[in-house]
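# Geometric and topological summary
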There are 2 protein chains.
Amino acid sequence: MAIKRPASAGRGTGASAKGGATDGLDPVLGVVARYFGVLAEPTRLKILHAICDDEQSVSAIVAATGTTQSNVSRHLSLMLNAGIVERRRDGCAVYYRIADPEFVDICRRMCERIASRLDMQAPLRRDLMGFAARH
Amino acid sequence: MAIKRPASAGRGTGASAKGGATDGLDPVLGVVARYFGVLAEPTRLKILHAICDDEQSVSAIVAATGTTQSNVSRHLSLMLNAGIVERRRDGCAVYYRIADPEFVDICRRMCERIASRLDMQAPLRRDLMGFAARH
DNA sequence: GCCGAGCATGCGCATATGCTCATATTCAAA
DNA sequence: TTTGAATATGAGCATATGCGCATGCTCGGC
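Residues numbered from 1 in each chain as written. Chains lettered and ligands numbered in written order. Predicted model: local features only at pLDDT ≥ 70, side-chain atom pairs only at ≥ 80, totals over all residues. Heavy atoms only, no water.

The helix and strand tally for chain A stands at 6 helices and 3 strands. When the helices and strands of chain A are listed from N to C terminus, the series reads α-α-β-α-α-β-β-α-α. The buried share among the 135 residues of chain A stands at 45%. Carbon and sulfur atoms make up 49% of the accessible area of chain A, which amounts to about 6300 Å² in all. (Helix = DSSP H or I, 4+ residues; strand = E, 2+ residues; numbered from the N terminus. Buried < 20%, exposed > 50% of the residue type's maximum accessible area, 1.4 Å probe, protein only. Areas by Shrake-Rupley, 256 points an atom, 1.4 Å probe, with all protein chains shown as cover.)

Next up, the structure:
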């Protein structure tokens, strides 16, 4: 993914789509797509899930997600760059927290929407609704 | 991406995360991630943008997006499978439309959120807000 | 039945992305 | 300062994914 820090994002003058209304749409969609891309990884969602109530240290997140510390740090850096999480240092531990609840809310809505499209008795549906309700 | 048609999604018994509360979270996050993945492509967002007002034929979408017909068809198939768009055949033309406005709304909210994080004078911000307002 | 327009799909390539291993860096305690 | 714990990062690998090309399929008109 790799999202440039918010502030600008290089509005290239190229690629304005042969046919469509040539507003500055392409760069916009590119940025939006990259943000969706950040949410398009199970591990990252798991990390967000782990820190969406309170901030957590990296090691706590590692324990919660069951993946490598290396991996967790990488995903956290990426989300930090995207401005989705924030960082706080305490001693030699580093705590991460959600930077913007809206992103969690978008996840919640996505869950609800997917759940509503599943068969009522599908087991996944229950899990999705439970997940959505918790956030 | 490739999302299984809604109805079930194979709730594997494996991989329950070493540490965390072992609810059926992993399959849930996997599914949610895949849906976000569908929205994580500029071309697909462009297609959604093209059909979010009225249904459009494939060739119209090709013209609007400025990409290959092959490419458009592929993305449309993917989104059809994900249940994000719907298909209607009229003669030898095929029309696609948004299946669930909620997905467009999620895009809109993402746009707004990203725009709000950009500097007020960043040109991208204007485009994002404009894009969000139109949906 | 034949043909052309419109759409879908198999194949191969180039790139992007996530994961793991090993190592560097940062901080606190001794 | 030295040491060890906690976190971050570089390198390499395996896979996933988007794109273009060529081809197959479907439908209406002739």
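On we go.
One pass over the structure, following the stated rule, counts 16 salt bridges over all chains. For Arg88 of chain A, the salt bridge is made with Glu55 of chain A, and the minimal N-O distance between the two is 2.5 Å. Residue Arg88 of chain A is found in strand 2 (residues 85-90), and its partner Glu55 of chain A is found in the loop between helix 2 (42-51) and strand 1 (56-57); the two are separated by 33 residues along the sequence. Classification of Glu55 of chain A by relative accessible area gives partly exposed; the value is 26%. Residues participating in the shared-partner salt-bridge network are Glu102, Asp105, Arg108 and Glu112 of chain A together with Arg109 of chain B. (Salt bridge = Lys/Arg side-chain N within 4 Å of Asp/Glu carboxyl O.)

What follows is about helix 3 (residues 58-65) of chain B. All names here are of chain B. Residues of helix 3 that are buried include every one of Val58, Ile61, Val62 and Thr65, and no others. Looking straight down helix 3, one finds that the buried residues subtend no more than 105° of arc, so they occupy a single side. Buried residues belonging to helix 3 abut helix 2 (42-51), strand 1 (56-57), helix 4 (69-81) and strand 3 (93-98). Looking at the residues trailing helix 3, positive phi occurs at Gly66, about 75°. (Arc of directions from axis to C-beta. Contact = heavy atoms within 4.5 Å.)

Here the focus is the sheet that holds strand 3 of chain B. Remark on secondary structure: sheet strands pair via backbone hydrogen bonds, oriented parallel or antiparallel. Residues and elements named next belong to chain B. One open sheet accounts for 3 strands, arranged 1-3-2; its pairing is antiparallel. For this open sheet the edge positions go to strand 1 and strand 2 (85-90), each flanked by a neighbour on one side alone. Note that strand 2 and strand 3 share 6 bridges and pair antiparallel. Each residue of the ladder has a partner; that of Arg88, found in strand 3, is Tyr95. Across the sheet, helix 2 touches strand 1, strand 2 and strand 3, and the angle it forms with strand 3 is around 95°. (Pairing = 2+ DSSP bridges. Axes fitted to C-alpha atoms, helices over the stretch in contact; angles between N-to-C directions.)

Let's shift gears to the state of the cysteines. All names here are of chain A. One pass over the structure, following the stated rule, counts 0 disulfides over all chains. Just so you know, Cys111 is unpaired, no disulfide at all, and the nearest cysteine sulfur is the one on Cys107, 6.9 Å from it. Residue Cys111 is classed as buried on the basis of its relative accessible area, which comes to 0%. (Disulfide = S-S within 2.5 Å.)

Let us look at the packing of helix 5 (residues 101-116) of chain A against helix 1 (residues 25-38) of chain B. For the pair helix 5 of chain A and helix 1 of chain B, the least separation of the axes is 10 Å and the interaxial angle reads 105°. Accordingly, the angle class assigned to the pair helix 5 of chain A and helix 1 of chain B is roughly perpendicular. Of the residues in helix 1 of chain B, those touching helix 5 of chain A at Ile106, Cys107, Met110, Cys111 and Ile114 of chain A are Val31, Val32, Tyr35 and Phe36 of chain B. Taken together, the residues that form the contact of helix 5 of chain A with helix 1 of chain B break down as 9 nonpolar, no polar and no charged. (Parallel < 35°, antiparallel > 145°, perpendicular 65-115°, else oblique. Nonpolar A, V, L, I, M, F, W, Y, C, P; charged D, E, K, R; others polar.)

Attention shifts here to the protein's contact with DNA strand D. Around DNA strand D, the structure places 26 residues, and the nearest of them are Arg74, Arg87 and Tyr96 of chain A together with Arg44 and His75 of chain B. The sugar-phosphate portion of DNA strand D accounts for 66% of its atoms within 4 Å of the protein, the bases making up the rest. A distance of 2.2 Å separates a base oxygen of DNA strand D from a polar atom in the side chain of Arg74 of chain A. Listing elements by their share of the surface near DNA strand D, those giving two or more residues are helix 3 (58-65), helix 4 (69-81) and strand 3 (93-98) of chain A together with helix 2 and helix 4 of chain B. Top element by residues in the surface near DNA strand D is helix 4 of chain A. It accounts for 5 residues. (Near = heavy atom within 4 Å. Polar contact = N/O pair within 3.5 Å; in protein donor to acceptor, adjacent residues only side chain to side chain.)

This part covers the protein's contact with DNA strand C. Every one of the 26 residues lining DNA strand C counts as a neighbour, but Arg44 and His75 of chain A together with Arg74, Arg87 and Tyr96 of chain B are closest to it. Close to the protein, within 4 Å, the atoms of DNA strand C are drawn from sugar and phosphate at a rate of 69%. For DNA strand C, a phosphate oxygen lies 3.3 Å from a polar atom in the side chain of Glu41 of chain A. Within the side chain of Thr68 of chain A, an N or O atom sits 2.7 Å from a phosphate oxygen of DNA strand C. Counting residues per element, the ones that place at least two in the surface near DNA strand C are helix 2 and helix 4 of chain A together with helix 3, helix 4 and strand 3 of chain B. Examining the composition of the surface near DNA strand C, we find that 5 residues originate from one element, helix 4 of chain B, more than from any other. Partitioning the surface near DNA strand C into residue classes produces 6 nonpolar, 13 polar and 7 charged.

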